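# Inside the fold
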Amino acid sequence: MRQHFLKMLTGSILTLSLVSACTSTATPEGTPKETSNEPAKSTAPNGTADKVKPPGTFPIVDKKETLKIFTVQDSTVENPATNDFVKWYEEKTNIKIEWDVAPAAGFAEKLQVTLAGGKLPDIFMASSISASQQVSYGAQGVFRPLNDLIDKYAPNIKKMMQDSPYLKDYMYTLDGNIYALPTLDEGLHVTMPNKLWIYQPWLDKLGLKMPTTLDEYYNVLVAFKKNYPNAWPLSALKGAEPTNFFMQSFIYYDNRNYLQMKDKKVEFVADKPAYKEGLKYLRKLVKDGLLQPEAYTQYRQALTALGEYPGETRLGSVTGLWWGSWVVNNGDSGRYKDYQPVGILAGPGGERIGMDRGVTPAMGAFAITKDAKNPEAAIRWVDWLYNPNNMFEEGWSAYFGKEGVGWKKAAPGAKSYTGADAKWEFIMPYGTKNNHRLQQSAPFYRTAAFTYSEAMVDKNDLEPRLYRATKELYVPYSRKDLMVPFLFLSEKDLTKHGDLLNNLKNVVSQFEIKFLTGNLDLDKDWDSYLKELNNAGLPAYIEIVQRNVDLKK
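In short, a report on the structure. (Residues numbered from 1 in each chain as written. Predicted model: local features only at pLDDT ≥ 70, side-chain atom pairs only at ≥ 80, totals over all residues. Heavy atoms only, no water.)

### Here we look at helix 11 (residues 273–287)
Residue pairs three or four apart in sequence face the same way in an α-helix, which turns once every 3.6 residues. Taking 1.5 Å per residue, 15 residues should reach 21 Å; helix 11 reaches 21 Å between its end C-alpha atoms and fits that length. Residues of helix 11 that are buried: Y275, K276, G278, L279, Y281, L282 and L285. (Helix = DSSP H or I, 4+ residues; strand = E, 2+ residues; numbered from the N terminus. Expected span 1.5 Å × (residues − 1). Buried < 20%, exposed > 50% of the residue type's maximum accessible area, 1.4 Å probe, protein only.)

### Digging into the sheet that holds strand 4 (residues 123–125)
Taken together, 6 strands build an open sheet; the order of strands is 3-2-4-11-5-16 and the sheet is mixed. Where the open sheet ends on each side, the last strands, each with one partner, are strand 3 (95–102) and strand 16 (445–446). With 2 bridges connecting them, strand 5 (residues 181–185) and strand 11 (residues 362–368) associate as antiparallel partners. When the bridges of strand 11 are listed, L181 appears paired with F366. (Pairing = 2+ DSSP bridges.)

### Structural notes on helix 4 (residues 131–139)
Burial of helix 4 is extensive: 7 of the 9 residues sit out of reach of the surface. The complete set of buried residues in helix 4 reads A131, S132, Q133, Q134, V135, Y137 and G138. Downstream of helix 4 by one or two residues, G141 has phi in the positive range, about 90°.

### Points about unusual backbone geometry
As a rule of thumb, non-glycine residues mostly have phi less than zero, and peptide bonds are mostly trans rather than cis. That bond from F58 to P59 is cis: its omega, 5°, falls within 30 degrees of zero. Relative to the assigned elements, P59 resides in the loop between strand 1 (16–17) and strand 2 (65–72). For K264, which is not glycine, the phi torsion reads 70° and is therefore positive. Looking at K264, the relative accessible area reads 62%, which means it is exposed.

### Regarding the pairing of strand 6 (residues 196–199)
The alternating pattern of strand 6 places L196 and I198 on one face and W197 and Y199 on the opposite face, and all of these are buried. Where strand 6 lies against strand 9 (residues 317–319), 3 bridges are found, and the strand directions are antiparallel. Paired with L196 across the strands is T319, a residue of strand 9. Direction of pairing for strand 6 relative to strand 10 (residues 339–342): antiparallel, over a ladder of 4 bridges. For Y199, the partnering residue across the bridge sits in strand 10 and is Y339.

### Overview of the packing of aromatic side chains
Across all of its chains, the model carries 46 aromatic pairs by this definition. Taking the centre distance of 5.5 Å and the plane angle of 25° together, the rings of F70 and F107 count as stacked. Taken together, the residues span a long stretch of sequence, with F70 in strand 2 and F107 in helix 3 (residues 107–116) at a distance of 37 residues. In this pair, the class of F70 matches that of F107, namely buried. With 5.6 Å between their ring centres and 50° between their planes, W88 and W384 make a pair best called tilted. Of this pair, W88 sits in helix 2 (residues 84–93) while W384 sits in the loop between helix 13 (375–383) and helix 14 (390–394), and the two are 296 residues apart along the sequence. Of the two residues examined, W88 and W384, each falls in the buried class. Looking at R380, its charged tip hangs above the ring of F58, at a distance of 4.9 Å from the centre. (Phe/Tyr/Trp six-rings, centres within 6.5 Å; stacked < 30°, edge-to-face > 60°. Lys NZ or Arg CZ within 6 Å of the ring centre and 35° of its normal.)

### Examining the packing of helix 9 (residues 214–227) against helix 11
At a minimum axis distance of 11 Å, the contact between helix 9 and helix 11 shows a crossing angle of 10°. The angle between helix 9 and helix 11 places the two elements in the roughly parallel class. Of the residues in helix 11, those in contact with L214, Y217, Y218 and L221 of helix 9 are Y281, K284 and L285. Split into classes, the residues belonging to the contact of helix 9 with helix 11 amount to 6 nonpolar, no polar and 1 charged. (Axes fitted to C-alpha atoms, helices over the stretch in contact; angles between N-to-C directions. Parallel < 35°, antiparallel > 145°, perpendicular 65-115°, else oblique. Contact = heavy atoms within 4.5 Å. Nonpolar A, V, L, I, M, F, W, Y, C, P; charged D, E, K, R; others polar.)

### Topic: the nonpolar core
Judged by nonpolar contacts, the single largest core of 93 residues is most densely connected at F246, F268, W323, Y529 and Y541. The biggest single contributor to this core is helix 17 (residues 491–517), with 8 residues. Residues in contact with F268, not counting those within four places in the same chain, are N257, Y258, L259, L504, V508, L533, L538, Y541 and I542. Grouped together as the second largest cluster of nonpolar side chains are 45 residues, V86, L167, Y386 and Y445 included. (Core = buried A, V, L, I, M, F, W, Y, C linked by side-chain atoms within 4.5 Å.)

Written out as structure tokens, the structure is:
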């Protein structure tokens, strides 16, 4: 599985970055100053630079050092402290990692407490540090600017920025600094994450066709409920709520900001009649007992308990990027093979409006704090991870593990599922719980060319299934043209925009749940909802975004 998988869906990639002031470090055209090839002055404490060997030479330090890393628990990684790759990489670098691993549930709160608490690790890794946090804590000096460190010690990161130049828009804040590094996979399937999957064996047993419209899908759910009364016809988990998928049958819907672009104007979508009609459809599903109420609040563990329920699954269909959120990929039950993709369902007027975010990095994957005693060692430690070809030269990868255990080179003449020449294939499929590799617990960079060099092997059909589902069922309805561009806001807009967006998110989410559960009536209480949006600052929010979009042109 590729970048963004769990992090991106539950993490904080805001279309609108909340960042600080624009300064003279930008070029006249407004593009932040790129890293240069000139040696940069060290930003580390006195004396540490001499302890770091030049880029490309290992170990990184002669005398073993320890770096403290704060990260989130990855459900597929047993224990990073005893992980095979981590042990191998410690020998290679002479750097030992002291791990502070926080549970996924409540991680955002733990991250915020750690950031504000004063006692900092050397590194925040795989922590989905939002753009606003990067700039806010960067301005306070909590995060170190990485520009000089990248210039002098990180050739792989520099090459990544050269090979994928659009990344710079997501890395440089308006003061010209880089406070955190992203993770990136240029694979297709993550560009359109709002998908629906259905349990094919039930369709087959009941003689039902794959639904293509909202009405057809509703009838399928009714049949599921009648014939499998102990199961939920439709469910989901927090972060991949059904609203995200079904609104594509009514209106362009990006729950990161509830915005779209039309005729160069920024529009709020969660107050439009089409959004209201989408909620009515979901309300009908809830009212008729077809949609599990916990779909908006439950986490992966609870959902997987239903998907892998002994004897028979308890899930007829699920919204989400991939099946690994509710069944075990390559698990013993074999159910991971049985969930098939459902395309965007035609709405009342035949609408299919695909939310396409394009190739978007997961921001805030690696940041060095002010308390790091050897930031040069930290940047050198992570730089190796950003070269995907190291695995072919050294036989190890943080993502794939060791050659011959986690992966192997493709056979001569082997092809990938796109028809390209294959270079590698999984031995230990993605999603396998293990203590051999870090997978998405560590930053990585993979171009489309690398991603699509995976050998086509029947037992490893994860990426091919996702690629085909996205290309055939979702890309034809992509409306990437409606997406508000990524923005860095000026200092005067930073705090206000953040407060307004948080207020609006609270209003939208709270009213959405009340409308869906029937605690509020969509017709009688709609005007009250619109009033609350205005009270939360909707006009000011639109004004700020529109002004910054205009400045970007």
